[in-house]
Amino acid sequence: MISLLARIFIKNGEDISSPRVRQAYGILCGTMGIVLNILLFIGKFLAGIISNSIAVTADAFNNLSDAGSSLITLIGFKMAGQKPDPDHPFGHGRIEYLSGLLVSVAILIMAFELARSSIGKIIHPQPIDFSPVTIIILVVSIGVKIYMFLYNKSISQKIDSAAMNATAMDSLSDTMATTVVLIATLAGAFTGLKIDGYCGILVALFIFYAGYCAAKETISPLLGQPPHPEFVKNVETIVMSYEYVLGIHDMIVHDYGPGRVMLSLHAEVPADGDILTLHDMIDNIEHRLHDELHCDAVIHMDPVLTADEQTNSLKSQIGDILSAAYPEIRFHDFRIVKGPTHTNIIFDIVVPFHYKNSDDEITNYLKREIHRIDESYIAVIQVDKAYNANAL
């Protein structure tokens, strides 16, 4: 049904990098979630009253909270799609992450309340009245929640949305929770065991875990996380496809919400190239990155000597030293500055976070090895951190 509605109401639905398309998918899924969860709440609430089951009633209110969560998601996507303004020049895309965080908090609160009521049921157990209507409603609810999980998960993967994935995980936890409630109801009817409260505790744990996972996934982009490797690879492929680009490094990606990305990087170009030609090429690359990857790019040109024999030879030697001792580390911005008494060998190294060796250990080793090549060589090394897994 979601696919059909998407084809009807969402224009250019395959252009998922477009903020407008993302907003349309979020609003559609949020609206569908509100409708289905309210219907489930009504059905389960009536079933809980009929059967005198705290687990069924609690599960009903969980669906009501899910309707509220879907409303938050809908509003979040709507607000995230607003255009930039003087107070928010980079747009409002991060509101999508905030809405996902609010959904996570709502899930955690519901888990706490359900656990509290279930403990009361364990202390003061009551018999559950078996009703075929209750069983039918619970079975239908499980089927609806499985459907909601599948379409929310599918859309979250399609548009790469943490908020939609949080909603999908909430639906999955509801599926497991309702299954536990169904088991408790059947156990009470056919065996007389009063496990209603214990099952309520299990439901609460399922919900709490879903809330924790959802919160973790939405907090990461708010704090700042590495870009997706696929995005980095696409950037590298586009930039390196130009004739005069010799290499790239210092790529930093700032995420202001899905489809709202600021990108900066350094592109190595021949030092003897025509500056106007190289500048025109960089402009073309920036425009292409904007058109194809929907990101605003700023590219700094680093001139590289390509015809100096001494520079090329020494660069190759140091590359061999570095790769033999620390194969995970790369270097760039290599240059030589000659003086009357010594020669400075200047370059940057890119060290991953939490690397097994300290920055001082690495730089001291390289300084010693470079000094062994020639006693007049003094290494001046700048340590950069790898902001993404494919940093060069």
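Just above, that's the structure.
Cut-offs used in this document
- Residues numbered from 1 in each chain as written.
- Predicted model: local features only at pLDDT ≥ 70, side-chain atom pairs only at ≥ 80, totals over all residues.
- Heavy atoms only, no water.
- Helix = DSSP H or I, 4+ residues; strand = E, 2+ residues; numbered from the N terminus.
- Rg over C-alpha atoms; globule rule 2.2 N^0.38 Å.
- Contact = heavy atoms within 4.5 Å.
- Areas by Shrake-Rupley, 256 points an atom, 1.4 Å probe, with all protein chains shown as cover.
- Lys, Arg positive; Asp, Glu negative; His and termini not counted.
- Charge placed at Lys NZ, Arg CZ, Asp CG, Glu CD.
- Pairing = 2+ DSSP bridges.
- Axes fitted to C-alpha atoms, helices over the stretch in contact; angles between N-to-C directions.
- Expected span 1.5 Å × (residues − 1).
- Patch = residues over 30% accessible without salt bridge, like charges linked within 9 Å, V, L, I, M, F, W, Y side chains within 5 Å.
- Salt bridge = Lys/Arg side-chain N within 4 Å of Asp/Glu carboxyl O.

S.K.: Break down the overall build of the protein chain for me, citing the residues and quoting the values.
M.R.: Scanning the protein chain from terminus to terminus reveals 11 helices and 6 strands. Taken against the 2.2 N^0.38 rule, which gives 21 Å for 392 residues, the C-alpha radius of gyration of the protein chain at 29 Å runs more than 25% over that of a compact globule. Counting only contacts in the protein chain whose residues sit at least 6 apart along the sequence, the fraction spanning at least 24 positions is 68%. Carbon and sulfur atoms provide 63% of the accessible area of the protein chain, an area that totals close to 20,000 Å². Charged side chains in the protein chain number 27 positive and 42 negative. The centres of these two groups are separated by 9 Å.

S.K.: Tell me about the sheet that holds strand β1 (residues 247-255), and name the residues and values.
M.R.: The sheet built from 3 strands is open, its strands ordered β1-β2-β3 with mixed pairing. Of all the strands in the sheet, just β1 and β3 (295-304) have a single pairing partner and so form its edges. Mean inter-strand twist for the sheet, computed between neighbouring axes without regard to direction, equals 15°. Both β1 and strand β2 (residues 261-270) contribute to a ladder of 7 bridges, which runs antiparallel. Its bridge partner being in β2, Ile248 is matched across the sheet by Ala267.

S.K.: I'd love a proper account of helix α5 (residues 132-159), names of residues and values included.
M.R.: The end-to-end C-alpha distance of α5 is 41 Å, a good match for the 40 Å that 28 residues give at a rise of 1.5 Å each. The first or second residue beyond α5 is Asp160, which carries a positive phi of 55°.

S.K.: Just give me the short version of a nonpolar patch on the surface, but keep the residues and values in it.
M.R.: On the surface, a nonpolar cluster with roughly 420 Å² of combined accessible area is contributed by Ile38, Ile42, Leu46, Ile50 and Val133. No other element matches helix α2 (residues 19-51), which puts 4 residues into the nonpolar patch. Mapped onto the elements, Ile38 comes out in helix α2.

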